[in-house]
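So the chains spell out like this:
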Amino acid sequence: MRKEILLPVVAVAGGGAGFVLRRWELALLLGVACAALLGVWLDGAQTALSDQVIRLHVLANSDSEADQALKLRVRDAVLAEAEELFVPGAGRAETEELLRAHLYDLAAAGAEVVGEAGYSYPVTASLVHDYWFPTKTYTDFALPAGAYTALRIEIGAGGGQNWWCVVFPPLCLGSVSETTQETALEAGLTENQVSLMT
């Protein structure tokens, strides 16, 4: 004999009576409710993480093989220039101000590479808040999808494939010798935020 779980009677327009849920219906309903609550929690955790991260976004002029190769050379020059700017122990806000104060220098480093390669594409550097990124998996960490502050380096028309990484905490700078977890914790991220990444 099947048992049914009775829920309180609910008044329905037209004088209808209450309703009955079977166990599987109740389990399904509870599962959906738990999934919704987990989604809200994860969204809040992602927002807290995005408030602690500055991502690097380098956009190539086009998808041609030459422009894609040039993008990687510009990326290397910009990362080398950025590495000179970072102060050990600096927090996210301090790092953002350093980057903002040196946007011209970062763009100039990229423009020098473009000029040496024989192109006349302009290179722009900007800090953009609330820029949407999809989930991205790197070699030893991943970042969830969400809106992040981004250091955007745009080469020429910026119509080609892009390259992403993280400039704060400095997870894609050449001198980083610690693990992703150590670097992120030293930059002030919480264990919970690091767990979203690793």
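Whatever comes next refers back to the structure up there.
Below is a short write-up of the structure. (Residues numbered from 1 in each chain as written. Predicted model: local features only at pLDDT ≥ 70, side-chain atom pairs only at ≥ 80, totals over all residues. Heavy atoms only, no water.)

## With respect to the overall build of the chain
Right, so step 1: What the chain contains, in helices and strands, is 6 helices and 8 strands.
Right, so step 2: What you see in the chain, going N to C, is helices and strands ordered as β-β-α-β-α-α-α-β-β-β-β-β-α-α.
Right, so step 3: Burial status across the chain gives 37% buried among its 198 residues.
Right, so step 4: Long-range pairs, those at least 24 residues apart, make up 66% of the contacts in the chain with a sequence separation of at least 6.
Right, so step 5: Surface exposure of the chain reaches about 11100 Å², of which carbon and sulfur atoms provide 58%. (Helix = DSSP H or I, 4+ residues; strand = E, 2+ residues; numbered from the N terminus. Buried < 20%, exposed > 50% of the residue type's maximum accessible area, 1.4 Å probe, protein only. Contact = heavy atoms within 4.5 Å. Areas by Shrake-Rupley, 256 points an atom, 1.4 Å probe, with all protein chains shown as cover.)

## A look at the sheet that holds strand S7 (residues 146–155)
Note on sheets: strands pair through backbone hydrogen bonds, and any given pair is parallel or antiparallel.
Right, so step 1: Judged by pairing direction, the sheet is mixed, and its 4 strands sit side by side in the order S4-S7-S3-S8 without closing on themselves. The two strands at the open ends of the sheet, each matched to only one other strand, are strand S4 (123–133) and strand S8 (162–168). For this sheet, the mean inter-axis angle between neighbouring strands, taken without regard to orientation, is 30 degrees.
Right, so step 2: Of the pairings in the sheet, the one linking S4 to S7 comprises 9 bridges and is antiparallel in character. (Pairing = 2+ DSSP bridges. Axes fitted to C-alpha atoms, helices over the stretch in contact; angles between N-to-C directions.)

## Notes on the side chain of glutamine 68
Right, so step 1: Following the sequence through the fold, glutamine 68 ends up in helix H2 (residues 65–85).
Right, so step 2: A polar side-chain atom of glutamine 68 sits 2.6 Å from a polar atom in the side chain of lysine 71.
Right, so step 3: Discounting residues that sit within four places of it in the chain, glutamine 68 has contacts with Ala60, Ser62, Asp63, Gly160 and Gln161. (Polar contact = N/O pair within 3.5 Å; in protein donor to acceptor, adjacent residues only side chain to side chain.)

## Considerations on the environment of phenylalanine 133
Right, so step 1: Assignment of secondary structure puts phenylalanine 133 in strand S4.
Right, so step 2: Assessed through its relative accessible area of 0%, phenylalanine 133 is described here as buried.
Right, so step 3: On a C-alpha basis, the gap between phenylalanine 133 and alanine 145 in space is 5.5 Å, while along the polypeptide they are 12 residues apart.
Right, so step 4: Beyond its immediate stretch of four places on either side in the chain, phenylalanine 133 contacts Arg55, His57, Ala145, Gly146, Tyr148, Ala150 and Trp164.

## Overview of unusual backbone geometry
Right, so step 1: The omega torsion of the bond from phenylalanine 168 to proline 169 falls at -10 degrees, within 30 degrees of zero and hence cis.
Right, so step 2: Mapped onto the elements of the fold, proline 169 is located in the loop between S8 and helix H5 (180–186).
Right, so step 3: Positive phi, close to 55 degrees, is recorded for aspartate 130, a residue that is not glycine.
Right, so step 4: Checked against the element boundaries, aspartate 130 lands in strand S4.

## Things to note about the nonpolar core
Among soluble globular proteins, nonpolar side chains are generally buried collectively.
Right, so step 1: Core analysis: the largest hydrophobic core is formed by 29 residues, its most contacted members being Leu56, Val74, Leu99, Leu106, Leu151, Ile153 and Val167.
Right, so step 2: Mapped by element, the contributors of at least two residues to this core are strand S3 (54–59), H2, helix H4 (103–116), S4, S7 and S8.
Right, so step 3: Looking at which element gives the most residues to this core, the answer is H2, with 7 residues.
Right, so step 4: Excluding its chain neighbours within four sequence positions, the residues that come into contact with valine 167 are Ile54, Arg55, Leu56, Leu79, Phe86, Leu99 and Cys172.
Right, so step 5: Within the second largest apolar cluster, 9 residues are counted, among which are Phe133, Leu143, Tyr148 and Ala150. (Core = buried A, V, L, I, M, F, W, Y, C linked by side-chain atoms within 4.5 Å.)

## Some remarks on the packing of aromatic side chains
Right, so step 1: Using the criterion set out here, one finds 4 aromatic pairs in the structure.
Right, so step 2: Ring centres 6.0 Å apart and planes at 80 degrees place the aromatic pair phenylalanine 133 and tyrosine 148 in the edge-to-face group. Taken together, the positions of phenylalanine 133 in strand S4 and tyrosine 148 in strand S7 put the pair 15 residues apart, joining distant regions of the chain. Residues phenylalanine 133 and tyrosine 148 agree in their burial class; the two are buried.
Right, so step 3: Here the aromatic cluster, defined as three or more aromatic residues joined through ring pairs, consists of Tyr131, Phe133, Tyr148 and Trp164.
Right, so step 4: One residue, arginine 55, lies across the ring of tyrosine 148, its end atom 4.7 Å from the ring centre.
Right, so step 5: Note that arginine 75 overlies the ring of tryptophan 163, its terminal NZ or CZ placed 4.7 Å from the centroid. (Phe/Tyr/Trp six-rings, centres within 6.5 Å; stacked < 30°, edge-to-face > 60°. Lys NZ or Arg CZ within 6 Å of the ring centre and 35° of its normal.)

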